[in-house]
Amino acid sequence: MALNNSNVLLPCTFTTCIGFQDLVFTWYFNSTEMIYHGKIKSKASEPFLVGRNPRVEFVGSTTGKDNNISIVLKNVEFSDAGKYTCHVRNPKEKNAQHNATIFLTVVQKMVEADNTVTLIIVGVVGGLIGLLILFMLIKRVVLFIIKKTQDGKKECLVSSSGNDNTENGLAGSKAEQKAPPKA
């Protein structure tokens with residue numbers, strides 16, 4: 001997005017595995033109109049201009065770490081809105097060709113979006129989720145306490161009498177007691 005009557009950078013970089021020699025790069029507007037055309041002899045040399053639109057300035061460099069072939073479009077107008085394509089052809093890579101596309105929108109003025117309503121909605125939703133989690137946690141703790149209390153009452157109600165049922169002719173529930181050894 002660019003502001004009307006401002007300058008806008010259209011970035012483009014390329015990579016190569018085996019280097020480049022006699023590299024050709026071209027910038028197109030809406031796929032048909034050539035707005036900048038340049039050549040680069042080798043990594044050690046700067047690009048030289050073959051042809052360009054007078055409102056376009058080359059700002060890249062290929063002698064450093066990045067292979068940068070970016071341009072600046074000066075005094076952007078509404079008619080400049082559209083598709084910009086950076087096209088690179090590298091003869092050293094068997095004329096491999098690469099493209100990068102940028103869609104430019106031109107506006108009269110930049111409008112800062114008011115995020116107040118969004119922040120309020122996010123805050124309310126976040127608070128409700130927090131309260132729901134807190135409610136579920138309290139419910140879980142209360143149910144745990146009730147269960148433990150009821151388990152304790154069950155232990156009090158169920159007890160073993162320890163009676164030996166062998167007297168009634170039933171198989172004993174107690175282990176048979178052995179007579180004490182005689183001395």
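Residues numbered from 1 in each chain as written. Predicted model: local features only at pLDDT ≥ 70, side-chain atom pairs only at ≥ 80, totals over all residues. Heavy atoms only, no water.

Enquirer: Explain the overall build of the protein to me, and be specific about the residues and the numbers.
Expert: Of the regular secondary structure elements, the protein holds one helix and twelve strands. In the protein, which comprises 183 residues, the share counted as buried stands at 25%. Of the contacts made within the protein by residues no fewer than 6 positions apart, 49% connect residues no fewer than 24 positions apart. Accessible surface, the protein: about 13,600 Å² in total, of which carbon and sulfur atoms supply 59%. (Helix = DSSP H or I, 4+ residues; strand = E, 2+ residues; numbered from the N terminus. Buried < 20%, exposed > 50% of the residue type's maximum accessible area, 1.4 Å probe, protein only. Contact = heavy atoms within 4.5 Å. Areas by Shrake-Rupley, 256 points an atom, 1.4 Å probe, with all protein chains shown as cover.)

Enquirer: Describe the side chain of Thr62, naming the residues involved and giving the relevant values.
Expert: Here Thr62 shows up in the loop between β7 (56–58) and β8 (67–68). Judged by its relative accessible area of 0%, Thr62 is buried. Every residue in contact with Thr62, bar those within four places of it in the chain, is listed here: Phe14, Phe20, Ile40, Lys43, Ser45, Glu46, Pro47, Asn67, Asn68 and Ile69.

Enquirer: An account of the state of the cysteines is needed here, citing residue identities and associated values.
Expert: The final tally for this structure, using the stated rule, is one disulfide. Here Cys12 engages in a disulfide with Cys86; their sulfurs sit 2.1 Å apart. Its S-S torsion of approximately -75° makes the covalent link between Cys12 and Cys86 left-handed. Of the two residues, Cys12 is situated in the loop between β2 (8–10) and β3 (13–14) and Cys86 in strand β10 (residues 82–90); the sequence distance between them amounts to 74 residues. The residues Cys12 and Cys86 share a single accessibility class, namely buried. (Disulfide = S-S within 2.5 Å.)

Enquirer: Give me the sheet that holds strand β4 (residues 23–29): which residues, what numbers.
Expert: Taken together, the five strands give an open sheet; going across it, the order is β6-β5-β4-β10-β11, and neighbouring strands pair in antiparallel fashion. Whereas interior strands pair on both sides, the edge strands pair on one side only; in this sheet they are β6 (48–52) and β11 (96–104). Direction aside, the axes of adjacent strands within the sheet are offset by 15° on average. Here strand β5 (residues 33–40) runs beside β6; their pairing, made up of four bridges, is antiparallel. Within β6, the position partnered with Lys39 by the bridge is Phe48. (Pairing = 2+ DSSP bridges. Axes fitted to C-alpha atoms, helices over the stretch in contact; angles between N-to-C directions.)

Enquirer: Mind laying out the nonpolar core, listing which residues take part and the relevant values?
Expert: Counting 24 residues, the largest nonpolar core has Phe25, Trp27, Ile69, Ile71, Tyr84 and Leu104 as the members making the most contacts within it. Of all the secondary structure elements, the ones that give two or more residues to this core are β2, β4, β5, β7, β9 (71–73) and β10. Apart from the residues within four sequence positions on either side, Leu104 is in contact with Met1, Ala2, Val8, Leu73, Val76, Asp80, Ala81, Gly82 and Tyr84. (Core = buried A, V, L, I, M, F, W, Y, C linked by side-chain atoms within 4.5 Å.)

Enquirer: Now, about the packing of aromatic side chains: what can you tell me, with residues and values included?
Expert: Scanning all chains against the criterion turns up five aromatic pairs. Residues Phe14 and Phe20 carry aromatic rings whose centres are separated by 5.5 Å and whose planes lie at 75° to one another, so their mutual orientation is edge-to-face. With respect to burial, Phe14 and Phe20 carry one shared label: buried. With 5.6 Å between their ring centres and 40° between their planes, Phe25 and Phe58 make a pair best called tilted. One end of the pair, Phe25, is in strand β4; the other, Phe58, is in strand β7, with 33 residues separating them in the sequence. Taken together, the ring pairs in this structure connect Phe25, Tyr36 and Phe58 into an aromatic cluster. (Phe/Tyr/Trp six-rings, centres within 6.5 Å; stacked < 30°, edge-to-face > 60°.)

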